[in-house]
Amino acid sequence: VVEQDKKGEKTITKKNIIDEKQTYKYKMTELFKDFDKDRIELIGVLPISEYGKFYSLWDINLAYVEHNKFTKAKSPIKIVEGAFYKCINVYSNHGGYQNEFTNLAPNELKRDLLKYCAMQTENKEEWIKAISFWVENYNTDLWNNVINRQFDFVNDVFDIKNQVDERLEFYENCIKENSKQSES
């Protein structure tokens, strides 16, 4: 918990959550409680060495976030990883997920994302409809087109190998600018 006094001084205190209903795990369990337990599995925190491989275990990657100030700054890494492993992403079209994934996607992919993947709501029934849509359309042409276009998009935009020259040029320009300012 971060608390700020009248002088603007901040103190950080570690507090255990007593009410289980306040935990993210509880909220996610509640959100998907009506699903058949054989059809959905919620996975907790994994060690970094195992993190990437779990994407290969499923077909639909769910990236739900509550709409608040904290999640508005969230990076799109979860849906980028899902796309890289060729999962269908059903995600909250909010914050970094929207700004750094949906908005950057090519127009053809963006249309499908906005129609079938990028959830504009926190409404549970709408999420169930979207997930059910993909379950019913598993391995169809639409499914394959979306996963392949997502993969191509993240491979192009988010793969560091494809961005090295651009980043190197940026850093070289920063150094030049800094040198010019130092000389003045």
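Scroll up a little and you will see the structure.
The structure reproduced in this document is the subject of the present report.

### Description of the packing of helix H6 (residues 107-117) against helix H8 (residues 141-157)
Reasoning step 1: Between H6 and H8, the least distance of the axes is 10 Å, while the angle of their chain directions is 120°. In terms of orientation, H6 and H8 fall into the oblique class. Like other packed secondary-structure pairs, H6 and H8 cross with a definite hand, here left-handed. Each of Glu108, Leu109, Asp112, Leu113, Tyr116 and Cys117 in H6 lies in contact with H8, whose residues at this interface are Leu142, Val146, Arg149, Gln150 and Phe153.
Reasoning step 2: Its residues assigned to classes, the contact of H6 with H8 comprises seven nonpolar, one polar and three charged.

### Quick notes on the packing of aromatic side chains
Reasoning step 1: By the definition in use, this model includes 16 aromatic pairs.
Reasoning step 2: Centre to centre, the rings of Phe84 and Tyr85 are 5.6 Å apart; their planes meet at 85°, and the pair counts as edge-to-face.
Reasoning step 3: By relative accessible area, which is 43% here, Phe84 ends up partly exposed.
Reasoning step 4: Consider the rings of Tyr116 and Phe133, whose centres lie 4.5 Å apart with planes at 10°: the pair is stacked. In this pair, Tyr116 is assigned in helix H6 and Phe133 in helix H7 (residues 124-136), connecting sequence segments 17 residues apart.

### Some remarks on the layout of surface pockets
Reasoning step 1: In this structure, the largest pocket occupies an estimated 1300 Å³ of space.
Reasoning step 2: Along its surface, the largest pocket is lined by 43 residues, and Glu41, Leu42, Ile43, Leu62 and Lys78 are the ones closest to its centre.
Reasoning step 3: Breaking the lining of the largest pocket down by element, the ones donating at least two residues are helix H1 (24-31), strand S3 (60-63), helix H3 (69-72), helix H4 (77-84) and H7.
Reasoning step 4: With five residues, the single largest contributor to the lining of the largest pocket is H1.
Reasoning step 5: Tallied by class, the residues present in the lining of the largest pocket amount to 26 nonpolar, six polar and 11 charged.

### Brief notes about the nonpolar core
Reasoning step 1: By size, the foremost hydrophobic cluster in this structure holds 33 residues, and its most contacted members are Ile88, Val90, Tyr91, Phe101 and Trp134.
Reasoning step 2: No other element matches the five residues that H8 contributes to this core.
Reasoning step 3: Contacts of Tyr91, omitting those with residues within four sequence positions, involve Ala63, Ile79, Tyr97, Phe101, Thr102, Leu113, Cys117, Ala118, Met119 and Trp127.

Basis of the calculations
Residues numbered from 1 in each chain as written. Predicted model: local features only at pLDDT ≥ 70, side-chain atom pairs only at ≥ 80, totals over all residues. Heavy atoms only, no water. Axes fitted to C-alpha atoms, helices over the stretch in contact; angles between N-to-C directions. Helix = DSSP H or I, 4+ residues; strand = E, 2+ residues; numbered from the N terminus. Parallel < 35°, antiparallel > 145°, perpendicular 65-115°, else oblique. Left-handed = near helix turned anticlockwise from the far one by under 90°. Contact = heavy atoms within 4.5 Å. Nonpolar A, V, L, I, M, F, W, Y, C, P; charged D, E, K, R; others polar. Phe/Tyr/Trp six-rings, centres within 6.5 Å; stacked < 30°, edge-to-face > 60°. Buried < 20%, exposed > 50% of the residue type's maximum accessible area, 1.4 Å probe, protein only. 1 Å grid on protein atoms, 1.4 Å probe; cavity = no way out; pocket = protein on both sides within 12 Å on 5 of 7 lines; lining within 4 Å. Points joined across faces, edges and corners; volume = space filled by probe spheres on them. Core = buried A, V, L, I, M, F, W, Y, C linked by side-chain atoms within 4.5 Å.

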